[in-house]
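One-letter residues, chain by chain:
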Amino acid sequence: MLYFSRWKTISIWAVVLLGVLFALPNTYPQSLLSVMPDWLPKRQMTLGLDLQGGSHILLKIDTNDLIKAQLESARDEIRTQLRDAKVGYTGLTGTGKVVQVRIRDANQIDAAKEALKSLTQPVSSGMFGSGSVTEMEMDEPEPGLLRFTITDAGVTYRTATALNQSIEVVGRRVNELGTTEPVVQRQGNDRILVQVPGLQDPQRLKDILGQTAKLTFQMVDQSVPVQEAIEGRPPAGSTVMYSKDDPPIPYLIENRVIVSGENLVDSQATFDQRTNEPVVSFRFDSKGASRFGQATQQNTGKLFAIILDNHVISAPRINEPILGGSGQISGSFTPQSANDLAVLLRAGALPANLTIVEERTVGPSLGADSISAGKLASSIGAVLVIVCMLLVYGKLGLIANIALAANVALIVAILTMLGATLTLPGIAGIVLTMGMAVDSNVIIFERVREERAQGRSIVQSFDQGFKQALATVVDANMTTFIVAVILFYMGTGPVKGFAVTLGIGIITTVFTAFTMTRWLVAVWVRRSKPTEFPKGLVHYLPLEPSFPFMRYRNVGFAVSGFLSVAVIAMMFVTDFNYGVDFRGGSMIEMQAKTRVADAADVRSRLEQLNVGDVQVQEFGNEGDLMVRVGAQEAGDNAEQSTVDKVKSEFENDYDFRRVEIVGPTVSSELATTGVIGVVLSMFALLVYIWFRFEWQFGVGAIVSTAHDVIMIVGLYVALGLEFNLSSLAAILTVIGYSINDTVVIYDRIREMLRKYKRMPIEDVINIALNHTMSRTILTGLTVLLALFALYIYGGEVISSFVFAIIIGVFVGTYSSVFIAGPMLILFKLRPEVFGEDAGAKKATLPAATPATKA
């Protein structure tokens, strides 16, 4: 294991040096990158919205809007087709997904069916390959009554088509804002995810995305006064519409559309040469110019209306025919609103309304604070881990630290090359990886110590130590990797960033432990020719302590059982402090412009807004407040309206550093996804451990892990901590750590069972626990050092997330010893389940640790 051929040495160092080369640009300022040679890597990691500020918005297409539009279109087509076919009809109505019409003359029923067969013709669908979709089906419940029903396949087809069109339109609108690297992508069957990093004005983005931007030019009906139409009934073919003025001005508008926004080829914000007011100039295509010119010729002296999303922007008089195919839209515009309208018109109209069902916005100042906190916490965590390893293992600690530095460089390099997004929890994942990365080295070094204690030479000890530790390290890290994968698929945004860094960190940890560390050890052994294990504080940890763990197993079961029952009972009588992720609603982090916040005043003013349940608390630094507003019963749009009310009330006194809005639809989905994620991770771990060990080990590991989950949940309930997606990530991280610890112990128990087949199972477990005690203590210490650095210096945003993991490390270590081990006794595990071991007969029984029951 300590021999390396030349090509292996070159390969190891090539990988490490490439990692350093790709990681270094992340430490350079932009000014230096611009003057570097082109052949050098220049790419930097993409920072998440929580680090550089920006907006994350999830839009949902309104399916009911599509059905309504299709229903109206079908009704118009039925009317047109029957009139053209000269078929008499009555009772043309449409409700829900159904349009029906009654044919007056029974002799014309066949002619009507022939005229309307185009409604039921299949349409080709790209989403179904080369197949087709029937959007409407016709039936005749009684003679002469024709009923057309929109099919589910038709709704799916229309939704998919509208979604693809909406993604294109939204992409054009976002790109017009001039931001760098915006993300617009499909999510699910009816949603669009929009992420715009570094955005300074999130409200402007929401305004631009929230408008359908259906522009039409229609004539004003001047046959009757508009007030008469409002008080009575509008003339057939006309509708009352209002302007956006305050107060709104009513207009009687003819339903016939002269020209629509589809005929526009360009629109620009400019200024009127006469009044110097902001206006929007536009230009039609040839078809639009012809229709517009013809309409203005025929209606000279009359009013025509420019309508955007059913609101009248302006209604000028046609003084003379407009034949040039261009014109301008005037109104109460500011330069920015004129520019926004021009953006909307250039991008095109959305085929359906889009509702914001989730919003997460971080201000640039909070992002800068998070970056500073992340750098400080990472630096302190790294220093603590490095010093700890040096003190504990001496020269081997230095080797482990060099491997750790290579490990971090590889993580950063892979994140950079993959274009992955680094989030604040992602930084936490790197720091946590630093703490757990040394675990692989600790397992190896402790094995080497044991081999040396059995009389082998130092070279043989290192060789056997690496061999014996390989399976343990792989199994332990594989279980944590399984959790990271599940966390990636169930998480969103920052949580997904944490999963990515944790997963990559596990892969690089195994690589550096069995290549970099092993190569450095081989070089050190060959050059220094040591005769003993290097000095360090580790020598104060006994190799084979004799603590009777199994003597207290029943006490452990009783304590754990009592606490578990207490937590479950507490869950029935105490409400969870659910965050907006799971209960819906809004969360706004505000910072007083004077740096002096008055929580009582904010609470009082919020109550006057009548926005429902509100909570106000001091948060983070002086002058910061966290405002939580409960979910609105009126649905997703009401959530946005509520936040707009709060912003307008406090915008003069406070800056809004972070806004999170989760509608009822998304909150219920996130809760379901979270539960599935925890259950799925437990099942996947059960299957893996069962496959690698035996079923008793798998069930024992799951029972101890379930105990850890219950304890962490109890922590949230007892302390009233906010339970959100980050909390679920913390629980899954604890599961990964606990299983990691359990697998290391189980691996040693399996080894002892193969070695000492006649020894009582209680004594075998005691030996295994005592052999792995030093590793358990050292790994827990390094992980806790990294976590405490994160908790103290990482900022308020991730403090509760890290706090739960800190408690989870203690709980996970306890359960691995007092729950996972004793479960094997409960299941009456026998050594016979394992095959014969070559060394079993030659093995010398050590002094058995008494395992008398308490």
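Just so we're clear, the structure is a prediction, and the values are computed from it rather than from any experiment.

Chemist: Can you walk me through the overall build of the protein chain in this structure?
Modeler: When you go through the protein chain residue by residue, the secondary structure sums to 25 helices and 24 strands. For the protein chain, the spread of C-alpha atoms along the principal axes amounts to about 110 × 70 × 60 Å. Among the 854 residues that make up the protein chain, the fraction classed as buried is 52%. Partitioning the contacts of the protein chain with sequence separation of at least 6, the portion at a separation of at least 24 is 75%. In the structure as shown, the protein chain presents an accessible area of about 38,500 Å², 56% of it carried by carbon and sulfur atoms. Side chains of the protein chain give 73 positive and 80 negative charges; the mean places of these two sets differ by 10 Å.

Chemist: It is not clear to me how the pairing of strand β7 (residues 136–142) should be interpreted in this structure. Could you clarify?
Modeler: Each regular strand displays side chains that alternate between the two surfaces of the sheet. Examined bridge by bridge, β7 and strand β8 (residues 145–150) share five bridges and lie antiparallel to one another. Its bridge partner lying in β8, methionine 136 is registered against isoleucine 150. With antiparallel pairing between neighbouring strands as the criterion, β7 and β8 make up a hairpin whose turn holds two residues, including glycine 144 at a positive phi of roughly 90°.

Chemist: Hey, could you run me through the side chain of threonine 501 in this one?
Modeler: Here threonine 501 is to be found in helix α15 (residues 494–528). According to the relative accessible area criterion, threonine 501 is buried, its value standing at 1%. Apart from the residues within four sequence positions on either side, threonine 501 is in contact with Leu415, Leu422, Gly426, Gly429, Ile430 and Thr433.

Chemist: Looking at this structure, I do not really get the nonpolar core. What am I missing?
Modeler: If you look at soluble globular proteins, the nonpolar side chains tend to sit buried side by side. Grouped together as the largest cluster of nonpolar side chains are 144 residues, with contacts concentrated most on Tyr393, Leu396, Leu415, Phe462, Ile735, Ile749 and Phe801. With residues near it in sequence (within four places) discarded, isoleucine 749 still touches Phe697, Val764, Ile765, Ala768 and Leu824. Core analysis: the second largest hydrophobic core is formed by 47 residues, Ile167, Leu199, Ala213 and Val259 among them.

Chemist: Would you take a moment to explain the packing of aromatic side chains for this structure?
Modeler: All chains considered together, the criterion is met by 22 aromatic pairs. Ring centres of phenylalanine 650 and tyrosine 654 lie 6.0 Å apart, and the angle between their planes is 80°; on these two criteria the pair is classed as edge-to-face. Phenylalanine 650 gets classed as buried once you look at its relative accessible area, which sits at 0%. Through a chain of ring-to-ring contacts, the aromatic side chains of Phe217, Phe282, Phe284, Phe292 and Phe304 assemble into a single cluster. The ring of phenylalanine 693 has arginine 750 lying over it, and the distance from NZ or CZ to the ring centre is 4.1 Å.

Chemist: Is there a simple way to explain the sheet that holds strand β15 (residues 278–284) in this structure?
Modeler: Strand pairing in a sheet is mediated by backbone hydrogen bonds. Such pairs are either parallel or antiparallel. Taken in spatial order, the three strands line up as β14-β15-β18 in an open sheet, and their pairing is antiparallel. Each edge of the open sheet carries a strand with a single partner, namely β14 (264–271) and β18 (326–329). When strand polarity is set aside, the average angle formed by the axes of neighbouring strands in this sheet is 25°. Pairing of β14 with β15 involves seven bridges; the strand directions are antiparallel. Directly across from phenylalanine 271, in β15, lies its bridge partner proline 278. Running at roughly 175° to β14, helix α10 (residues 335–347) makes contact with β14, β15 and β18 of the sheet.

Chemist: Would you explain the packing of helix α21 (residues 695–719) against helix α22 (residues 725–755) in this entry?
Modeler: Each pair of packed helices can be described by the angle between their axes along with the distance between the axes. As a packed pair, α21 and α22 sit with axes 9 Å apart at the nearest point and diverge in direction by 150°. Comparing the axis directions of α21 and α22 gives the class roughly antiparallel. Crossing hand, α21 versus α22: right-handed. The segment α21 lies against α22, with Phe697, Gly700, Ala701, Ser704, Thr705, Asp708, Val709, Ile712, Val713 and Tyr716 engaging Ser727, Ala730, Ile731, Val734, Ile735, Ser738, Ile739, Thr742, Tyr746, Ile749 and Leu753. Split by residue class, the contact of α21 with α22 holds 14 nonpolar, six polar and one charged.

Chemist: Explanation requested: the confidence of the model for the protein chain in the structure shown.
Modeler: Do not read the fine detail of predicted coordinates wherever pLDDT is low. For the protein chain, the average pLDDT comes to 82, and 93% of its residues sit at 70 or higher. This model gives residues 836–854 a pLDDT under 50, and the stretch forms 36 contacts once residues within four places in sequence are excluded.

Chemist: Hey, could you run me through α22 in this one?
Modeler: Because an α-helix packs 3.6 residues into every turn, residues spaced three or four apart end up facing the same way. When the terminal C-alpha atoms of α22 are compared, their 45 Å separation across 31 residues agrees well with the 45 Å that a helix rising 1.5 Å per residue should span. Here α22 lies mainly inside the structure; 27 of its 31 residues are buried.

Chemist: Would you explain the packing of helix α6 (residues 152–175) against helix α7 (residues 202–210) in this entry?
Modeler: α7 packs onto α6 with a crossing angle of 145° between their chain directions and a minimal axis gap of 10 Å. You can see that α6 and α7 cross each other, and the crossing is right-handed. For the pair α6 and α7, contact is made by Val170, Arg173 and Val174 and by Leu205, Ile208 and Leu209, respectively. Residue classes in the contact of α6 with α7 are distributed as five nonpolar, no polar and one charged.

Chemist: Teacher, can you tell me more about the sheet that holds strand β17 (residues 311–314) here?
Modeler: Ordered by their spatial adjacency, five strands build a closed barrel running β11-β13-β12-β17-β16, and the pairing between neighbours is mixed. Averaged over all adjacent pairs, the angle separating strand axes in this sheet is 55°, with direction ignored. Alignment of strand β11 (residues 215–220) against strand β16 (residues 304–308), held across five bridges, turns out to be antiparallel. Bridge pairing in β16 links methionine 219 to phenylalanine 304. Lying on the sheet, helix α9 (residues 286–298) is in contact with β11, β13 (250–260) and β16; it crosses β13 at an angle near 135°.

Chemist: Even after reading the chapter, I still don't get the environment of arginine 754, so can you show me in this structure?
Modeler: Here arginine 754 lies in helix α22. As for arginine 754 and proline 29, which are separated by 725 residues in sequence, their C-alpha atoms are 57 Å apart.

Chemist: Quick question: what am I supposed to make of the pattern of salt bridges here?
Modeler: It is possible for side chains bearing opposite charge to pair when their charged atoms get close. Overall, the coordinates contain 32 salt bridges when judged by the stated rule. With a closest N to O distance of 3.0 Å, aspartate 76 and arginine 79 form a salt bridge. Taken as a pair, aspartate 76 and arginine 79 lie in helix α4 (residues 63–84) at a separation of three residues, close to a single helical turn. For glutamate 722, the salt bridge is made with arginine 628, and the minimal N-O distance between the two is 2.2 Å. Placement of glutamate 722 in the loop between α21 and α22 and of arginine 628 in strand β23 (residues 624–629) is noted, with a sequence separation of 94 residues between them. Assessed through its relative accessible area of 14%, glutamate 722 is described here as buried. On the basis of relative accessibility, which here comes to 9%, the residue arginine 628 falls in the buried class. The network of salt bridges with shared partners includes Glu358, Arg360, Glu589, Arg657, Arg658 and Glu660.

Chemist: Help me understand unusual backbone geometry, please; the structure alone is not making it clear to me.
Modeler: Among all residues except glycine, the phi angle is most often negative; among peptide bonds, the trans geometry is most common. The residue aspartate 309 is not glycine, and still its phi comes out positive at about 55°. By secondary structure assignment, the location of aspartate 309 is in the loop between β16 and β17. One non-glycine residue, arginine 595, lies in positive phi territory at about 65°. Residue placement: arginine 595 occurs in the loop between β21 (585–592) and α18 (599–608). Arginine 595 sits in the partly exposed class, given a relative accessible area of 44%.

Chemist: Would you mind showing me how to read the environment of glutamine 108 here?
Modeler: Mapped onto the secondary structure, glutamine 108 falls in the loop between β4 (98–103) and α5 (109–115). Through-space distance from the C-alpha of glutamine 108 to that of valine 87 is 6.5 Å; in sequence the pair is 21 residues apart. Not counting residues up to four positions away in its chain, the partners in contact with glutamine 108 are Lys86, Val87, Gly88 and Ile103.

Chemist: Explain the pairing of strand β24 (residues 654–662) to me, please; I cannot follow it from the model alone.
Modeler: Within β24, seven of the nine residues are buried, which leaves it mostly tucked inside the rest of the structure. Both strand β19 (residues 354–362) and β24 contribute to a ladder of five bridges, which runs antiparallel. Residue glutamate 358 lies in a different strand from β24, and its bridge partner there is valine 662.

Chemist: For this particular structure, what's the right way to read the environment of proline 182?
Modeler: By secondary structure assignment, the location of proline 182 is in the loop between α6 and β9 (183–187). Sequence separation between proline 182 and isoleucine 745 is 563 residues; the distance between their C-alpha atoms is 47 Å.

Rules of the game
Residues numbered from 1 in each chain as written. Predicted model: local features only at pLDDT ≥ 70, side-chain atom pairs only at ≥ 80, totals over all residues. Heavy atoms only, no water. Helix = DSSP H or I, 4+ residues; strand = E, 2+ residues; numbered from the N terminus. Buried < 20%, exposed > 50% of the residue type's maximum accessible area, 1.4 Å probe, protein only. Contact = heavy atoms within 4.5 Å. Areas by Shrake-Rupley, 256 points an atom, 1.4 Å probe, with all protein chains shown as cover. Lys, Arg positive; Asp, Glu negative; His and termini not counted. Charge placed at Lys NZ, Arg CZ, Asp CG, Glu CD. Pairing = 2+ DSSP bridges. Core = buried A, V, L, I, M, F, W, Y, C linked by side-chain atoms within 4.5 Å. Phe/Tyr/Trp six-rings, centres within 6.5 Å; stacked < 30°, edge-to-face > 60°. Lys NZ or Arg CZ within 6 Å of the ring centre and 35° of its normal. Axes fitted to C-alpha atoms, helices over the stretch in contact; angles between N-to-C directions. Parallel < 35°, antiparallel > 145°, perpendicular 65-115°, else oblique. Left-handed = near helix turned anticlockwise from the far one by under 90°. Nonpolar A, V, L, I, M, F, W, Y, C, P; charged D, E, K, R; others polar. pLDDT = per-residue confidence, 0-100. Expected span 1.5 Å × (residues − 1). Salt bridge = Lys/Arg side-chain N within 4 Å of Asp/Glu carboxyl O.

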